[in-house]
Amino acid sequence: MSRYERTCLIRGDGGRAIRRILDRIGNKWTLLVVATLDDQRMRFTELQQRIPGVSQRMLSLTLRNLERDGLVSRTAYAEVPPRVEYALTDVGRTLIEPAVRLAEWAVEHDPDIERSQRAFDERNK
């Protein structure tokens, strides 16, 4: 596939598919949850402890949305006390590699972006 054909994927359906996915993964908590679940199952409390600053409500909403999207599975065990574990699905695991590439890009280019923003702000005072 040519570079042009690849970029057409971004706008192929008017950008609806990519915008929908970016809306989901671009929120504050989704990628942190996905990265935390990489190669391991976890209970809710353990997830909450490993993701600094996430509230119980936001973690619940994020997990529910990820489960709805088919990226996370939720397994409830009939035990006393009840036990629920979360894990990435096969589709969820495919998100790790592009998320890592995006994180690497962000770390590499964040200083450049900050410099550009400062220069822009100085020119537009």
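Residues numbered from 1 in each chain as written. Predicted model: local features only at pLDDT ≥ 70, side-chain atom pairs only at ≥ 80, totals over all residues. Heavy atoms only, no water.

As recorded in an unreviewed UniProt entry, the chain goes by Helix-turn-helix domain-containing protein and comes from Amycolatopsis tucumanensis.

Q: Could you give an account of the packing of aromatic side chains, with specific residues and numbers?
A: Tallying each qualifying case throughout the model produces zero aromatic pairs. Over the ring of Tyr-77 we find Arg-83, and its NZ or CZ is 3.8 Å from the ring centre. (Phe/Tyr/Trp six-rings, centres within 6.5 Å; stacked < 30°, edge-to-face > 60°. Lys NZ or Arg CZ within 6 Å of the ring centre and 35° of its normal.)

Q: Talk me through the confidence of the model for the chain; I want residue IDs and the actual numbers.
A: Of the residues in the chain, 100% have a pLDDT of 70 or more, and the chain-wide mean is 92. Per-element mean pLDDT across the chain ranges from 78 in helix α1 (residues 3-11) up to 97 in helix α5 (residues 56-68). (pLDDT = per-residue confidence, 0-100. Helix = DSSP H or I, 4+ residues; strand = E, 2+ residues; numbered from the N terminus.)

Q: Describe the side chain of Arg-24, listing the residues and the values that go with them.
A: Looking at the secondary structure, you find Arg-24 in helix α2 (residues 16-25). A polar contact of 2.4 Å, which involves the side chain of Arg-24, links it to the side chain of Asp-69. Those residues within four positions of Arg-24 in sequence are excluded, and the remaining contacts are Thr-30, Asn-65, Arg-68 and Asp-69. (Polar contact = N/O pair within 3.5 Å; in protein donor to acceptor, adjacent residues only side chain to side chain. Contact = heavy atoms within 4.5 Å.)

Q: Could you give an account of unusual backbone geometry, with specific residues and numbers?
A: Going from Val-80 to Pro-81, the amide bond is cis rather than trans, its omega being -5 degrees. By secondary structure assignment, the location of Pro-81 is in the loop between β2 (72-77) and β3 (83-88). For Asp-39, which is not glycine, the phi dihedral falls at a positive 60 degrees. Positionally, Asp-39 belongs in the loop between α3 (30-36) and β1 (42-43). Residue Asp-39 is classed as exposed on the basis of its relative accessible area of 69%. (Buried < 20%, exposed > 50% of the residue type's maximum accessible area, 1.4 Å probe, protein only.)

Q: How would you summarise the UniProt feature "domain: HTH hxlR-type" (unreviewed entry) in the chain if you had to cite specific residues and measurements?
A: Under the feature "domain: HTH hxlR-type" (unreviewed entry), the UniProt entry names residues 8-114. Here residues 8-114 is 60% helix and 13% strand, with 29 Å between the C-alpha atoms at its ends. (UniProt positions renumbered as here; feature names shortened; annotations may be inferred.)

Q: Quick one: what's the story with the pairing of β2, residue by residue and with numbers?
A: Of the pairings in the sheet, the one linking β2 to β3 comprises six bridges and is antiparallel in character. For Tyr-77, the partnering residue across the bridge sits in β3 and is Arg-83. Taking the residues between adjacent antiparallel strands as the criterion, β2 and β3 are bridged by five residues. (Pairing = 2+ DSSP bridges.)

Q: A description of the nonpolar core should follow, citing residues and the corresponding values.
A: One broad trend across soluble globular proteins is that nonpolar side chains are buried collectively. Core analysis: the biggest nonpolar cluster contains 20 residues, and Leu-37, Leu-47, Leu-59, Leu-63 and Tyr-86 have the highest contact counts within it. Elements that contribute at least two residues to this core include exactly α3, α4 (44-50), α5 and β3. Once you skip the residues sitting within four places of it in the chain, Leu-59 turns out to touch Val-33, Phe-44, Leu-47, Gln-48, Ile-51 and Val-54. (Core = buried A, V, L, I, M, F, W, Y, C linked by side-chain atoms within 4.5 Å.)

Q: Account for the sheet that holds β3, with residues named and values stated.
A: Ordered by their spatial adjacency, three strands build an open sheet running β1-β3-β2, and the pairing between neighbours is antiparallel. Strands with a single pairing partner mark the edges of an open sheet, and in this sheet they are β1 and β2.

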